[in-house]
Amino acid sequence: MKLLWIVTLLFVTSCLHANEIREKVSLQLSWLSQFQSAGFYIALHNGYYQAENLDVTIKEFSHNINLVDDVIAQKSTYGIGNSSLIMDTNHPQNLALLLALFQSDPTVLITTNPDIKTLKGLKGKRVMITQNKAYSVSLTAMLMSQGITQKDITPQQHSFNIQDLIEQKTDAMACYSSNEPFILDKQHIAHALFNPKDYGFDFYGDILFTSQAEINQHPDRVERFYRASKKGWEWAFSHILESAHILHEHYNSQNKSLEALIFEGTTLKKLAYTNTGQFGTIDKERFGSIANIYRLSGLLNNDYSLDSFIDPLNLSKEVIRIGVLTNNGEEITQQTWENSIDYLSKMLPQYHFSIVPLNFDEIMQSVESKAIDFVITNPLIYIQLEHDFGVSRIATLGNHYLGVYHQLFGSVILTRSNDTTITDYASLKGKILGAVDERSFGGYLLGLKTLLDNAIQKEDFKKITFLGTHNAVIQALREGSIDVGIVRTGILEQWLDSGKLHPSSLRVMGAKKYKNFLMQTSSTLYPEWPLAKLAHTDEKLSNAVLSALINPAFNNFKQNHFDWNTPYDYTPITSLLQTMHIYPYTEATFTLKAFLLQYASIIILIILFIITLLFILVHIKNLNQRLLHRTQEVENFNSTLEKEVEERTHQLLILNSKLKELAHTDELTKIDNRRHFIELATTYFYAAKRNKTELFLLSLDIDFFKKVNDTYGHAIGDEVLKLFCKTTQEILRESDLFGRIGGEEFSICLQNTTLEGTYTLAEKIRTKIEHTTYLKSPTESIVVTVSIGIASLQPNDIDVYQIMERADKALYKAKENGRNQVHVM
């Protein structure tokens, strides 16, 4: 019995304690209980406030209170107001707006008088409108926009009784579009509504607010109340029928019918969300425009301020999630990208950026489910995500090491220095290979390609084990559980610089040297990791992110050791995946026929070269034999020989010229390839600098070209590219440079012209492409458009790449503005 009393006492004590730790707060409504306040009642009923350790009291409106004063005096913790709260910002204890329940105010003018068909029909009529000018600004502004002043109507004290309108005691009445129209519809009474939004006066509706004292003293409590309330509103609008039932049964002081509550909820939901589907946001710029209307109405001083007035705790910021492939564990990933996230949140204050570390198994799922908005990953996975889900790179990572900047990386193949059994690649047979993951580009794939190039197959190893992170590979190599390891470039340097690894403990196999690349590597170098936007991510947001990342301020922000640049050409990566038959190129198999078709022209030239060379050698041999037997014909022989050699030498020169042309020309389109274009453009650049003449670069990108490939196949896409180049070349001058930079991206370099001439040429190209049709069949044609960016040589430019970068930015601006246009940077 004694034990039972103890258990009971402990239970009661714990319950009392639970109630004590729940903070008491109150919410003062602007009206009585109805769907207008549904979200708060749902948060209370569903336990959302309780889950946030809040004990919330919801108070209905009464006419003997001043709602704003009550909140400032902290008689109520939170209140519901509207756009007129701007008038209270000059109070010594300022207010803070937290959540806009309705993006558009439900307040309208309603009339049942059939003679009133327009607002001007109200002249000389009786109108019930609140005498509080602050609450009626939107209605007053709407009337004044139609030339109706207070003198033109007969104002009446508002009775808040729709029966007065029905019984024609007034001609028009201010009301909520979610309430009174339903009552009139049920009684089959014809009526007309006049909505300020239709006349350009789109004010916010009900707004949740609190005092600055609450913000300063209890910011965590404010966030919890905000979170629970918003959750309640989102649930209410997602479950209007269920919410109406809850209100009808538990919170119905006006005895509204269930049907009326459903109508109210359906109507208010249409007013609650932004055009992009967001709930609760308050736009500072829009609120500033509303404040100007109050100022013009004489209700607000010119020195009003919105600072700390709108969402001071940033509760309504949109969360932008950036998924990052964790090649070295979640903790290191968070530390690596922390500065970048802080920088983006500072530069784009309307958003809150966060890092989502993802392993190799999670990254595909996160992209498919749209759980992230951007992704930073290795080039292999990027190519696969681009193929499967339409992600598109907006920037490429760049690194600084020992004062040298580069945007390339590779693999390092490591073994222990004291392992005398491994001397070269051939001695790796029968050993245990450790790598990060079979989908790791630098931590496996590039190293594997190097091994394959040196005649070492995967089957030659005793075992291949994947350890998950680069650090795990280094550690396993040191401990002896693997004989050889593959990590990406830079990892070895991190271990050495941190002092965790002695320089003589590990050895790099097949070390290679590259100009302007000071890290150890065993493989060919490829473009660094990309930052890519998902298909659902807003184009304006991605452009804003790119602009922030390529801003020089990024390098100075907390001394970042890496930065971002415009997207690198990933063609080498695509070629590598095709060569190794890695998804999405697993279906590509080598056939002699395909090889002969792809390289037919080069093979023919080589065969001709060899035949010609053999013919010359045989012919010279025959001449020498004749020389031995016919010494008497020396003079004739020499003459003949000189002619033959001269003729064959001429043929060789022609062949060499053709081979040189192949090295400089894009095989598909027959225009300059990227390398040759940049070489020629660099020559133009230095000539323009030396002669102080103008130089212009155009970046061209075929709009939505991926759709052409996806719809018609790459073969048709190639034909469209050929037609695009042929059409463009017909417009260019002989001195103009035209090159294919990669994929559907092209560049033009112009000298001896003006900006006006350059723009005219670009417009001519754009128009010509827009009106050029590729006939796929007699009944089916393909039309493409092109976006063009223009940049000019500036005095401070040190190379042609700087002009190309500005032209690319101009191109992105043309795309952002709707594509099929020319933009000058």
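Just so we're clear, the structure is a prediction, and the values are computed from it rather than from any experiment.

Rules and cut-offs
- Residues numbered from 1 in each chain as written.
- Predicted model: local features only at pLDDT ≥ 70, side-chain atom pairs only at ≥ 80, totals over all residues.
- Heavy atoms only, no water.
- Helix = DSSP H or I, 4+ residues; strand = E, 2+ residues; numbered from the N terminus.
- Buried < 20%, exposed > 50% of the residue type's maximum accessible area, 1.4 Å probe, protein only.
- Contact = heavy atoms within 4.5 Å.
- Areas by Shrake-Rupley, 256 points an atom, 1.4 Å probe, with all protein chains shown as cover.
- Salt bridge = Lys/Arg side-chain N within 4 Å of Asp/Glu carboxyl O.
- Phe/Tyr/Trp six-rings, centres within 6.5 Å; stacked < 30°, edge-to-face > 60°.
- Lys NZ or Arg CZ within 6 Å of the ring centre and 35° of its normal.
- 1 Å grid on protein atoms, 1.4 Å probe; cavity = no way out; pocket = protein on both sides within 12 Å on 5 of 7 lines; lining within 4 Å.
- Points joined across faces, edges and corners; volume = space filled by probe spheres on them.
- Nonpolar A, V, L, I, M, F, W, Y, C, P; charged D, E, K, R; others polar.
- Expected span 1.5 Å × (residues − 1).
- Bend = angle between axes of the 7 residues up to and from the residue.
- Pairing = 2+ DSSP bridges.
- Axes fitted to C-alpha atoms, helices over the stretch in contact; angles between N-to-C directions.
- Parallel < 35°, antiparallel > 145°, perpendicular 65-115°, else oblique.
- Left-handed = near helix turned anticlockwise from the far one by under 90°.
- Patch = residues over 30% accessible without salt bridge, like charges linked within 9 Å, V, L, I, M, F, W, Y side chains within 5 Å.
- Polar contact = N/O pair within 3.5 Å; in protein donor to acceptor, adjacent residues only side chain to side chain.

Novice: An account of the overall build of the protein is needed here, citing residue identities and associated values.
Specialist: Helices and strands together make up the secondary structure of the protein, namely 29 helices and 31 strands. Within the protein, the proportion of its 825 residues that are buried is 47%. Here the contacts in the protein between residues at least 6 apart in sequence split such that 76% fall between residues at least 24 apart. Taken as a whole, the protein presents about 41500 Å² of accessible surface, with 52% of it coming from carbon and sulfur.

Novice: Please give an account of the pattern of salt bridges that cites residues and values.
Specialist: Side-chain pairing between opposite charges can occur once the charged atoms of the two side chains come close. The full count for this structure, using the stated rule, is 32 salt bridges. The shortest N-O distance in the salt bridge between Glu539 and Lys533 comes to 3.9 Å. Assessed through its relative accessible area of 34%, Glu539 is described here as partly exposed. For Lys533, a relative accessible area of 7% gives the class buried. One salt bridge in this structure joins Lys726 and Glu730, with 2.9 Å as the shortest N-O distance. Pair noted here: Lys726 and Glu730 are both in helix H27 (residues 714-731), with a separation of four residues, about one helical turn. Residue classification places Glu730 among the exposed positions, given a relative accessible area of 53%. One network of salt bridges, with partners in common, ties together Glu23, Glu214, Asp220, Arg221 and Arg224.

Novice: Account for the packing of aromatic side chains, with residues named and values stated.
Specialist: Tallying each qualifying case throughout the model produces 27 aromatic pairs. Between the aromatic rings of Phe102 and Trp233, the centroid separation amounts to 6.0 Å while the plane-to-plane angle is 85 degrees, which identifies the pairing as edge-to-face. Pair noted here: Phe102 is in the loop between strand E4 (95-100) and strand E5 (107-111) and Trp233 is in helix H9 (residues 219-238), with a separation of 131 residues, a long-range link. Each member of the pair Phe102 and Trp233 is classed as buried. Geometrically, the ring pair formed by Phe738 and Phe746 is tilted, given 5.9 Å between the ring centres and 35 degrees between the ring planes. Per residue, the accessibility class of Phe738 equals that of Phe746, and both read buried. Among the aromatic residues, those joined into a cluster by ring pairs are Phe35, Phe40, Phe102, Trp233, Phe237, Tyr273 and Phe279. Arg286 extends its terminal NZ or CZ atom over the ring of Tyr204, reaching a point 4.1 Å from the ring centre. When the ring centre of Phe704 is taken as origin, the NZ or CZ atom of Lys707, which lies over that ring, is 4.7 Å away.

Novice: Explain empty space enclosed by the protein to me, and be specific about the residues and the numbers.
Specialist: Picture a little ball the size of a water molecule; that probe, rolled over the atoms, points out where space is still empty. Considering all chains together, one arrives at five cavities of 30 Å³ or more under this definition. Of the volumes computed, that of the largest cavity is approximately 80 Å³. In terms of lining residues, the largest cavity is bounded by Val720, Leu723, Phe724, Thr727, Ile769, Thr772, Tyr774, Ile782, Val783 and Val784. Put simply, the parts of the chain that give the lining of the largest cavity at least two residues each are H27 and strand E29 (780-783). With four residues, the top contributor of residues to the lining of the largest cavity is H27. Class assignment for the residues of the lining of the largest cavity results in eight nonpolar, two polar and no charged. Counted as a void, the second largest cavity has a volume near 60 Å³. If you trace the second largest cavity, you find it lined by Ile322, Trp337, Ser340, Ile341, Leu344, Ile355, Ile376, Leu531, Leu549 and Trp564. The leading source of residues in the lining of the second largest cavity is helix H13 (residues 330-347), at four residues. Taken together, the residues of the lining of the second largest cavity break down into nine nonpolar, one polar and no charged.

Novice: Talk me through H13; I want residue IDs and the actual numbers.
Specialist: In a regular helix each residue adds 1.5 Å, so 18 residues correspond to 26 Å; H13 covers 25 Å between its end C-alpha atoms and thus fits that length. Of all the bends in H13, the greatest, near 45 degrees, is centred on Trp337.

Novice: Got a sec to walk through the pairing of E4? Specific residues and values, please.
Specialist: Most of E4 sits inside the fold, with six of its six residues counted as buried. Summarising the sheet, E4 and strand E10 (residues 207-211) pair through five bridges and their orientation is antiparallel. Each bridged residue has a counterpart across the sheet, and for Leu97 the counterpart in E10 is Phe209.

Novice: So what's going on with the packing of H13 against helix H19 (residues 539-549)? Residues and values would help.
Specialist: At a minimum axis distance of 10 Å, the contact between H13 and H19 shows a crossing angle of 115 degrees. Taken together, H13 and H19 sit at an angle that is classed as roughly perpendicular. For the element pair H13 and H19, the recorded crossing hand is right-handed. From H13, Tyr343, Leu344 and Met347 reach across to H19, where they touch Val545, Ala548 and Leu549.

Novice: Which residues make up unusual backbone geometry, and what are the values?
Specialist: Here the bond from Tyr583 into Pro584 is cis, since omega is 15 degrees, no more than 30 degrees from zero. Relative to the helices and strands, Pro584 is located in the loop between helix H21 (571-580) and helix H22 (592-598). Phi at Asn752 is positive, roughly 55 degrees, even though this residue is not glycine. For Asn752, a relative accessible area of 61% corresponds to the exposed category.

Novice: Could you give an account of the sheet that holds strand E20 (residues 484-488), naming the residues involved and the relevant values?
Specialist: With respect to topology, five strands assemble into an open sheet ordered E19-E18-E20-E17-E21, the strand pairing being mixed. At either end of the open sheet lies a strand with only one pairing partner, and these are strand E19 (463-466) and strand E21 (506-508). Strand-to-strand twist across the sheet, computed as the mean angle between neighbouring axes with direction ignored, equals 30 degrees. Pairing of strand E17 (residues 411-416) with E21, which is carried by three bridges, proceeds in the antiparallel orientation. By the bridge assignment, Leu414 is partnered in E21 with Val508.

Novice: Account for the sheet that holds strand E8 (residues 172-176), naming residues and giving values.
Specialist: With mixed pairing, the five strands of this open sheet are ordered in space as E7-E6-E8-E5-E9. Edge positions in the sheet fall to strand E7 (154-156) and strand E9 (192-194), since each of these pairs with one other strand and no more. Across the sheet, the mean angle separating the axes of adjacent strands is 30 degrees when strand polarity is ignored. Of the strand pairs in this sheet, E5 and E9 are connected by three bridges, and their pairing is antiparallel. Pairing of Ile110 across the sheet is with Leu193, part of E9. Here helix H5 (residues 137-145) sits on the sheet in contact with E5, E8 and E9, set at roughly 60 degrees to E5.

Novice: Explain a nonpolar patch on the surface to me, using residue names and the numbers behind them.
Specialist: On the surface, a cluster of nonpolar side chains totalling about 440 Å² of accessible area is made up of Ile606, Ile610, Leu613, Leu614 and Leu617. Mapping Leu614 onto the fold places it in helix H23 (residues 600-629).

Novice: So what about the side chain of Gln103? Which residues, and what values?
Specialist: Mapping Gln103 onto the fold places it in the loop between E4 and E5. The exposure class of Gln103 is buried, given its relative accessible area of 7%. Engagement of the side chain of Gln103 in a polar contact is seen with the backbone oxygen of Thr281, the distance being 2.8 Å. Look past the residues within four positions of Gln103 in its chain and what remains in contact with it is Asp202, Phe203, Tyr204, Leu271, Ala272, Tyr273, Thr274, Gly280, Thr281 and Arg286.

Novice: If you had to explain the packing of helix H15 (residues 379-389) against H21 to someone new, which residues and values would you point to?
Specialist: Relative orientation of the contacting elements H15 and H21 amounts to 85 degrees, with a least axis distance of 10 Å. Viewed along their axes, H15 and H21 adopt a mutual orientation that is roughly perpendicular. Every residue of H21 that contacts H15 at Pro379, Leu380 and Ile383 is listed here: Ile573, Thr574 and Leu577. Of the residues that constitute the contact of H15 with H21, the class distribution is five nonpolar, one polar and no charged.

Novice: Which residues make up the side chain of Thr107, and what values go with them?
Specialist: Along the polypeptide, Thr107 turns up in strand E5. Within polar-contact distance, the side chain of Thr107 engages the side chain of Asp105 at 2.9 Å. Ignoring sequence-local partners within four residues, the contact set of Thr107 consists of Leu139, Cys175, Tyr176, Asn195 and Pro196.

Shape descriptors only; they carry no functional weight alone.
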